[in-house]
Amino acid sequence: MINEKYYKLKKEQEKIITRKNKELPTKNGLFSRYEFPVLTRDYVPLEWKYDLSKENNPYFIERLGINSTFNSGAILLNNEVCLVVRIEGTDRKSFFAVARSKNGIDNFRFDEYPILFDDLYKDEVDVYDMRLTKHSDGYIYGVFCSESHDDASRDLSAAIAEAGIVRSKDLIKWERLPNLKTLRSPQQRNVVLHPELIYGDYAFYTRPMSGFIDTGDGMGIGLGYCKDIMHPVVDEEKIIDERKFHTVYEAKNGAGATPIKTKKGWLHFAHGVRNTAAGLRYVLYVFMTDLKDPSKVIAKPSGYFLAPLGEERVGDVSNVVFTNGAVMLKDGTILVYYASSDTRLHVLKTSEDKMIDYCFNNPKDAYRSHDCVEQRIKLIKHNEELLKKE
């Protein structure tokens with residue numbers, strides 16, 4: 001017999017899933033936020049958390065609890081926005097599940113089961129933050145962080161991060177491929193597969209790291225090539241977006257969503273990290289690379305694109321926004337899926353034309369306060385002249 005509490009919670013959940021997500025007025029002319037997150041732990045199917053039997057579970061206690069839903073890859077497939085969501089249980093283990101929506105703004109619903117792929121690496125303890133790439137070779141690839149304990153250390157928190165790879169045709173059946181090997185970097189997180197072959201090779205955006213947390217001498221976002229996706233090995237990683245002193249990406253930076261092909265270049269959403277008295281602060285920034293040579297940055301506006309605001313600043317890991325998924329619709333609308341404070345998933349709306357304008361017409365980072373003031377004075381004087389003419 002089904003516990004009657006199931007039906008009550010099911011009704012409450014349906015109200016959350018089906019509520020209309022209202023677009024909020026833009027404050028910067030570039031993008032709009034939305035009133036509600038697109039996914040929270042309350043969206044996860046009840047059948048994944050409870051034993052529904054009244055006999056086995058008379059108090060209707062969660063048997064397998066959910067802590068958060070965040071950091072999701074995104075693609076368009078069969079006229080739907082499909083997210084591969086990072087779901088973290090109360091046991092701290094993350095897993096992946098597909099959620100789909102017709103409009104990409106609300107009514108996201110999970111598939112019947114979470115994703116289970118081949119268990120190739122028996123020392124793999126956790127998986128998270130999958131980037132999705134619809135590749136020109138016909139497959140959908142998922143590149144994610146594969147985490148295991150560093151057995152060379154007696155520290156229980158010492159970990160090794162590699163880039164795991166899976167592929168699919170339909171987001172239902174998945175094939176596990178070998179983990180990416182970067183010969184000159186001992187650890188990798190935030191790896192993204194480029195959507196097209198470059199010079200006949202598969203191209204990966206990487207972040208060379210000396211350790212699990214510290215970047216060490218890894219100076220930014222790299223680009224490396226491999227010939228065989230079934231045996232993915234990258235030798236040299238060319239740094240294409242370097243970390244800089246006293247910027248929003250001083251401490252760390254990393255590739256975010258899979259690059260979007262626009263009329264003017266490849267649009268990259270990346271995350272930048274800096275240290276503060278309150279701890280690490282994660283923001284998003286953008287840059288554009290050349291359509292023919294993605295290793296060449298052709299536009300990069302200064303500062304951050306998105307920072308945590310209001311309630312977004314509160315959660316498991318406070319003062320963080322992070323993206324690993326964005327899509328561009330047929331009409332040029334761009335939807336960016338970003339998580340706040342490792343807790344919930346939001347969406348913002350912008351457009352191809354707005355992002356091109358932003359990338360090419362906003363000033364570059366001048367890197368010095370004196371020069372930044374000169375930039376601002378130049379803008380003020382320009383506006384004064386316009387106002388005089390009015």
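So, here's what we can say about the structure. (Residues numbered from 1 in each chain as written. Predicted model: local features only at pLDDT ≥ 70, side-chain atom pairs only at ≥ 80, totals over all residues. Heavy atoms only, no water.)

Focus: the overall build of the protein
When helices and strands are tallied, the protein shows 3 helices and 21 strands. Along the longest, intermediate and shortest principal axes, the C-alpha atoms of the protein span 75 × 55 × 45 Å. The long-range share in the protein, meaning contacts at least 24 apart out of those at least 6 apart in sequence, stands at 54%. Summed over its atoms, the accessible surface of the protein is roughly 19,600 Å², and 52% of this surface lies on carbon and sulfur atoms. The centroid of the 57 positive side-chain charges in the protein is displaced by 5 Å from the centroid of its 57 negative side-chain charges. (Helix = DSSP H or I, 4+ residues; strand = E, 2+ residues; numbered from the N terminus. Contact = heavy atoms within 4.5 Å. Areas by Shrake-Rupley, 256 points an atom, 1.4 Å probe, with all protein chains shown as cover. Lys, Arg positive; Asp, Glu negative; His and termini not counted. Charge placed at Lys NZ, Arg CZ, Asp CG, Glu CD.)

Focus on the pattern of salt bridges
By the definition in use, this model includes 21 salt bridges. Between Arg 100 and Asp 111 there is a salt bridge, and its shortest N-O distance comes to 2.8 Å. On the criterion of sequence distance, the pair formed by Arg 100 in strand 3 (residues 94-101) and Asp 111 in the loop between strand 4 (109-110) and strand 5 (124-134) is long-range, its members being 11 residues apart. Ionic pairing is found between Arg 176 and Glu 124, a salt bridge with its closest N-O pair at 2.8 Å. Taken together, the residues span a long stretch of sequence, with Arg 176 in strand 8 (residues 174-182) and Glu 124 in strand 5 at a distance of 52 residues. Shared partners join several salt bridges into a network, and the residues in it are Arg 86, Glu 88 and Asp 129. (Salt bridge = Lys/Arg side-chain N within 4 Å of Asp/Glu carboxyl O.)

Looking at the sheet that holds strand 11 (residues 220-226)
Within the open sheet, the 4 strands sit side by side as 9-10-11-13. Their pairing is antiparallel. Because the sheet does not close on itself, it has two edges, and the strands there are strand 9 (192-193) and strand 13 (238-242). Both strand 9 and strand 10 (residues 202-206) contribute to a ladder of 2 bridges, which runs antiparallel. Looking at strand 10, one finds that Leu 193 is bridged to Phe 204. (Pairing = 2+ DSSP bridges.)

Concerning the packing of aromatic side chains
Tallied over the entire structure, the rule returns 14 aromatic pairs. Taking 6.1 Å as the distance between ring centres and 90° as the angle between the ring planes, the aromatic pair formed by Phe 108 and Tyr 337 counts as edge-to-face. One end of the pair, Phe 108, is in the loop between strand 3 and strand 4; the other, Tyr 337, is in strand 20 (residues 333-340), and 229 residues separate them in sequence. In this structure Tyr 337 comes out as buried when scored by relative accessible area, which is 0%. Every member of this aromatic cluster is reached through a ring pair, and the members are Phe 31, Phe 269, Phe 305 and Tyr 358. The ring of Tyr 139 carries the charged tip of Arg 167 above its face, separated from the ring centre by 3.9 Å. Taking NZ or CZ as reference, Lys 244 lies 5.6 Å from the ring centre of Tyr 367, over its face. (Phe/Tyr/Trp six-rings, centres within 6.5 Å; stacked < 30°, edge-to-face > 60°. Buried < 20%, exposed > 50% of the residue type's maximum accessible area, 1.4 Å probe, protein only. Lys NZ or Arg CZ within 6 Å of the ring centre and 35° of its normal.)

Brief notes about the nonpolar core
Counting residues in each nonpolar core, the largest one holds 25 residues, and the members touching the most others are Leu 39, Leu 83, Ile 87, Phe 108, Phe 110 and Tyr 337. The element that contributes the greatest number of residues to this core is strand 2 (residues 80-89), accounting for 4 residues. Beyond its immediate stretch of four places on either side in the chain, Ile 87 contacts Val 44, Trp 48, Ile 66, Ser 68, Thr 69, Lys 93, Ser 94, Phe 95, Ala 97 and Phe 110. Core analysis: the second largest hydrophobic core is formed by 22 residues, Phe 269, Val 286, Leu 306 and Ile 356 among them. (Core = buried A, V, L, I, M, F, W, Y, C linked by side-chain atoms within 4.5 Å.)

Quick word on the sheet that holds strand 3
One open sheet holds the 4 strands; their spatial order is 1-2-3-4, and the pairing between them is antiparallel. Every other strand in the sheet has two partners, leaving strand 1 (66-77) and strand 4 as the edge strands with one partner each. Here strand 2 pairs with strand 3 via 8 bridges, running antiparallel. Along strand 3, the bridge assignment pairs Leu 83 with Ala 99.

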